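Residue-level structure breakdown
Listed below are the residues making up each chain.
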Amino acid sequence: MPKRTGRATRAVIIFAAAFVALAVAFGACIGIINAVDSASAVVHLDGVKLRRGEVNYLASRYKATYVAALRQEGVSGVFDTEAFWSSAAEDGKSYGEKFTESFREYLSGIIAANRIFYQYSNYTAKDRAAVDKAVSECLTYTAGGSVEKFNSLSAKYGFNYGDFSSAAAYLYRAERAKEMIYGKDGSSLSSFPEECEEYLSEYIRVKVIFVRRFDRLTDSGDTVDLTEAERAAKAEKIERIREYIENGRLGLDNAMSPDAFELFLRDESFSDSGESFLDTGYYLHPSAEQTAYFKEAFPEVYEVAASLEVGEFGEAEWESDVAFVYRLDNEEGAYKNDDNLMFSDFYSDLSDRLYPETLAAIGEAVVFTDLYGEISPLDIPMSTGFRISFATE
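Rules used in this analysis
- The numbering scheme is per chain: residues are counted from 1 as the chain's sequence reads.
- Local features are withheld for residues below a pLDDT of 70 in this predicted model, meaning they are given only at 70 or higher, and side-chain atom pairs are given and counted only at 80 or more; totals for whole chains, interfaces and linings count all residues.
- The side-chain values count all of the structure's non-hydrogen atoms but skip hydrogen atoms and water molecules.
- Strands are labelled as partners when DSSP assigns at least two bridges between them.
- Helix and strand labels come from DSSP, where a helix needs a run of H or I of at least four residues and a strand needs a run of E of at least two; each type is numbered from the N terminus.
- Contacts were defined at the residue level, with two residues in contact if any of their heavy atoms lie within 4.5 Å.
- Only the stretch in contact is used when fitting a helix axis, every axis being a line fitted to C-alpha atoms; angles between N-to-C directions are given from 0 to 180 degrees.
- When an angle is under 35 degrees it counts as roughly parallel; over 145 it counts as roughly antiparallel; between 65 and 115 it counts as roughly perpendicular; any other value is oblique.
- The hand of a helix crossing depends on one turn: near helix anticlockwise from the far one by less than a right angle means left-handed, and clockwise means right-handed.
- Residue type decides the class: Asp, Glu, Lys and Arg count as charged, Ala, Val, Leu, Ile, Met, Phe, Trp, Tyr, Cys and Pro as nonpolar, and the leftover types, Gly among them, as polar.
- The pLDDT value tells you how sure the predictor is about a given residue, anywhere from 0 up to 100.
- Only centres within 6.5 Å qualify two rings of Phe, Tyr or Trp (six-membered ring in Trp) as a pair; their planes then separate them into stacked at under 30 degrees, edge-to-face at over 60, and tilted for everything else.
- Per-residue accessibility, obtained with a 1.4 Å probe over protein chains only, is compared with the maximum for each type, and a residue is labelled buried under 20%, exposed over 50%, and partly exposed between these values.
- Criterion for a charge above a ring: Lys NZ or Arg CZ within 6 Å of the ring centre, and within 35 degrees of the ring normal.
- Salt bridges are defined as contacts in which a side-chain nitrogen from Lys or Arg sits within 4 Å of a carboxyl oxygen from Asp or Glu.

Here we come to the sheet that holds strand β9 (residues 367-368). Pairing is antiparallel in the open sheet, where three strands are placed in the order β2-β1-β9. Pairing within the sheet leaves two strands with one partner each, and these edge strands are β2 (48-51) and β9. Bridge analysis of strand β1 (residues 41-45) against β9 gives two bridges, and the strand direction is antiparallel. Its bridge partner being in β9, Val43 is matched across the sheet by Phe368. Lying on the sheet, helix α2 (residues 52-72) is in contact with β1 and β2; it crosses β2 at an angle near 75 degrees. Helix α4 (residues 95-120) contacts β1, β2 and β9 of the sheet and is inclined by roughly 140 degrees relative to β2.

And the structure:
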């Protein structure tokens, strides 16, 4: 992941500061949030609180997610056992220490997200109905609709049906809070061009000449073999481009130039690049969904593109195909082009980037009471059941 730079981070700090200021002013009339019950609150912020049973539920589910993530990363021997949790990770810390720290951050994030939710909204009857529906569905598939059976199943994890129901409401509000700040799929971020341009600066922009050396695709998607003459013509131009690129690397005359590259790119008898990205080129970012699709389809091209500096040319080759790559400067405001598929997830990705930082900034004020010290998240068994999911509108 590219390193964060100043402006986007500043946007998070500005938002968090403004949020805290609003919270102070709003605190006197936030009656929908109960005052902190210091006798039962384990974690809290401005009246938003989690109790022990709720924390136990969250710990059991978070541990299952954490273990699954470690396995996906290729860590071997990952089990919910003392032997594994006491083993050392690459940074020298034990996996148990890392889990405990991560879970504490997770709880802070949930509290911060709920605080944001209440800043922007009330917990309405519609919200309650959505949570009740999700909770009821879990009760049905977990315990056949029996609260008594549910409680017997959940007892070893340290929570009951009431704790589960309350924790579900916290998770629901946490999901909704992100959209309240950034809009659906991050759409509100279009009003923050400075932050968008900062994120755009992390993209690399390339133009690519794709060349099929032995066949071509028709408009209907069929494959047609090239004639010997067509193959020879393509081979000659491929060698010419290679010579131009090599001359440029050696500082010789007759080197590849942007204008020359453009001529080859638009030569329909040679280039198989199609029309979609001739003008804009491809905008690539390691965290963008569309980039992931591009990387999966053309891994060799992506690798070359990521290695180039602005103004450089490169070549990728695989099986019977070859591609020539040119990296050029990004265009200001390029992300605003709704027709460019490479930016279809731009605002959503940016909101995914900013949201955890926003939660972390607000979460610095979250209070962990002495009761939290009595809980050992590591000792709570992981649960692969009791899943909760909310219907999307």
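Having seen it, we continue.
Attention shifts here to the sheet that holds strand β6 (residues 282-284). Strands sit in the order β6-β3-β8-β7 across an open sheet of four strands; the sheet is antiparallel. Single-partner strands in this sheet number two, and they are β6 and β7 (313-318). Neighbour-to-neighbour, the strand axes of this sheet turn through a mean angle of 35 degrees, independent of strand direction. For strand β3 (residues 204-212) and strand β8 (residues 321-328), the ladder comprises eight bridges, and the chain directions are antiparallel. Bridged to Val211 within β8 is Val322. Those strands touched by helix α10 (residues 258-265) are β3, β7 and β8, and its axis lies near 45 degrees from that of β3.

A few words now on the packing of helix α7 (residues 161-182) against helix α13 (residues 346-363). Running from N to C, α7 and α13 cross one another at 115 degrees; their axes reach a closest spacing of 11 Å. Comparing the axis directions of α7 and α13 gives the class roughly perpendicular. Helix-helix and strand crossings are classified by hand; for α7 and α13 the assignment is right-handed. Packed against α7, whose contacting residues are Ala174, Ala177, Lys178, Ile181 and Tyr182, the element α13 presents Ser351, Asp352, Leu354, Tyr355 and Thr358 at the interface. The residue inventory of the contact of α7 with α13, partitioned by class, reads six nonpolar, two polar and two charged.

A separate point is the confidence of the model for the protein. Per-residue pLDDT for the protein has a mean of 89; in total, 90% of the residues score no lower than 70. Below pLDDT 50 for its whole length, residues 1-36 participates in 58 contacts with residues either more than four positions away or in separate chains.

Quick look at the packing of aromatic side chains now. Overall, the coordinates contain 46 aromatic pairs when judged by the stated rule. Ring centres 6.5 Å apart and planes at 65 degrees place the aromatic pair Phe150 and Phe159 in the edge-to-face group. An identical accessibility class is assigned to Phe150 and Phe159; each is buried. Within the aromatic cluster, the residues linked to one another by ring pairs are Tyr62, Tyr66, Phe84, Trp85, Tyr95, Phe99, Phe103 and Tyr106. Positioned above the aromatic ring of Tyr123 is the side chain of Arg173, whose terminal nitrogen or guanidinium carbon lies 4.7 Å from the ring centre. The residue whose ring lies beneath Arg173 is Tyr170, and the NZ or CZ to ring-centre distance is 4.7 Å.

Below, the discussion takes up the side chain of Ser351. Relative to the elements of secondary structure, Ser351 occurs in helix α13. Using a relative accessible area of 2% as the deciding quantity, one classes Ser351 as buried. In this view, Ser351 contacts Lys178, Tyr182, Gly186, Leu189 and Pro356; residues no more than four positions away in its chain are not counted.

Moving on, we come to the pattern of salt bridges. Applying the stated rule across the entire model yields 22 salt bridges. For Arg115, the salt bridge goes to Asp46, with nearest N and O atoms at 3.3 Å. One end of the pair, Arg115, is in helix α4; the other, Asp46, is in the loop between β1 and β2, and 69 residues separate them in sequence. The class for Arg115 is buried, based on a relative accessible area of 1%. Looking at Asp46, the relative accessible area reads 44%, which means it is partly exposed. The partner of Lys133 in a salt bridge is Glu137, with the nearest N and O atoms 2.6 Å apart.

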